[in-house]
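# Tertiary structure, described
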Amino acid sequence: MALNLQTLKTRSLTAVIFVVVMLVGLLWNFWSFLVLFTIIHFGCWYEYIKLIKKIYGNNILYFLFELIYIIVPVLLMLDLGSEWKVYTINNTNEIIFTYVIPCAIIFSIWINDTMAYIVGSLIGKTPFSKISPKKTWEGTGGGAILCVIVIAAIAYFSKLIPVKDAAIIAALCAIFGTLGDLFERKLKRMANVKDSGSFILWSWRFFR
């Protein structure tokens, strides 16, 4: 699959918008972090419900699956981004915001997706899955390897997180990010829709 510069430009510009939005939400304070993932939760919930209705109608069991597929990951991300500190003086409670692990996860997914596209476009030949014909083993593997290298390098120079931990986070994000992408694409195929995200679709058309 040849590298399409126009598609790369579109993906890059769209990614910049989301990276800026994510960074503001992640790094400003705990409340911006909470608002960001609340919006993400309801956005994902809305898109998931639309797909499920197209595929299965009003089947309550598939709606309940949303608890595992969307709500649990969002709650876990919120938990990773905050912790309670209890002080002995006056026995006060305080929420301490920790952005390192949430940022590592977001950056890992973004870098893996971007590198997989670039590597697959340049040297990809072997199809990875029938669900996504354009995905290749070369792109998927290259994206994962480069994701681990980049995140580990950031950890090494920033000293914010141990390199080993950063590499493990990057590897897990590369694996499960790819599986999640395939699952979403499978749902879209079953629902016979091209794009499940209205805002992403708008961004794509705007920059194209």
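Right, let's walk through the structure included here. (Residues numbered from 1 in each chain as written. Predicted model: local features only at pLDDT ≥ 70, side-chain atom pairs only at ≥ 80, totals over all residues. Heavy atoms only, no water.)

### Some words on unusual backbone geometry
Leaving glycine out, the prevailing phi sign among residues is negative, and the prevailing peptide bond configuration is trans. Even without glycine at this site, Lys-159 takes up a positive phi of about 60°. Counting through the fold element by element, Lys-159 comes out in the loop between α5 (137-158) and α6 (163-191). For Lys-159, a relative accessible area of 63% corresponds to the exposed category. (Helix = DSSP H or I, 4+ residues; strand = E, 2+ residues; numbered from the N terminus. Buried < 20%, exposed > 50% of the residue type's maximum accessible area, 1.4 Å probe, protein only.)

### What to know about the pattern of salt bridges
Enumeration according to the criterion identifies three salt bridges in this entry. Notably, a salt bridge pairs Glu-47 with Lys-50, separated by 3.5 Å at the nearest N-O pair. Here Lys-50 and Glu-47 lie together in helix α2 (residues 30-56), a separation of three residues that amounts to about one turn. According to the relative accessible area criterion, Glu-47 is buried, its value standing at 15%. (Salt bridge = Lys/Arg side-chain N within 4 Å of Asp/Glu carboxyl O.)

### Details of α5
Under the 1.5 Å per step criterion, the end-to-end length of α5 is 31 Å for 22 residues, consistent within 8% with the ideal 32 Å. If you check which residues of α5 are buried, you get Gly-139, Thr-140, Gly-142, Gly-143, Cys-147, Ile-151, Ala-152 and Ala-155. In the core, the buried residues of α5 are packed alongside α4 (100-123) and α6. Within two residues after α5, Lys-159 carries a phi angle of roughly 60°, on the positive side. (Expected span 1.5 Å × (residues − 1). Contact = heavy atoms within 4.5 Å.)

### Here we look at the side chain of Ser-132
Inspection of the secondary structure puts Ser-132 in the loop between α4 and α5. When near neighbours in sequence (up to four residues on either side) are disregarded, Ser-132 contacts Leu-182 and Arg-185.

### Digging into the environment of Thr-114
Positionally, Thr-114 belongs in helix α4. When the C-alpha atoms of Thr-114 and Gly-139 are compared, they prove to be 9.8 Å apart, with 25 residues separating the residues in sequence.

### As for the packing of aromatic side chains
For the structure shown, the criterion picks out seven aromatic pairs. Ring centres 5.0 Å apart and planes at 75° place the aromatic pair Tyr-69 and Phe-183 in the edge-to-face group. Taken together, the residues Tyr-69 in helix α3 (residues 60-80) and Phe-183 in helix α6 connect sequence positions 114 residues apart. On the basis of relative accessible area, Tyr-69 is assigned to the partly exposed category, the value being 30%. Phe-183 gets classed as partly exposed once you look at its relative accessible area, which sits at 31%. For the ring pair Phe-128 and Trp-137, a centre distance of 4.5 Å and an interplane angle of 65° mean the geometry is edge-to-face. Every member of this aromatic cluster is reached through a ring pair, and the members are Tyr-48, Phe-65, Tyr-69 and Phe-183. In this arrangement the basic side chain of Lys-159 is found over the ring face of Tyr-156, its NZ or CZ atom lying 4.6 Å from the centre. (Phe/Tyr/Trp six-rings, centres within 6.5 Å; stacked < 30°, edge-to-face > 60°. Lys NZ or Arg CZ within 6 Å of the ring centre and 35° of its normal.)

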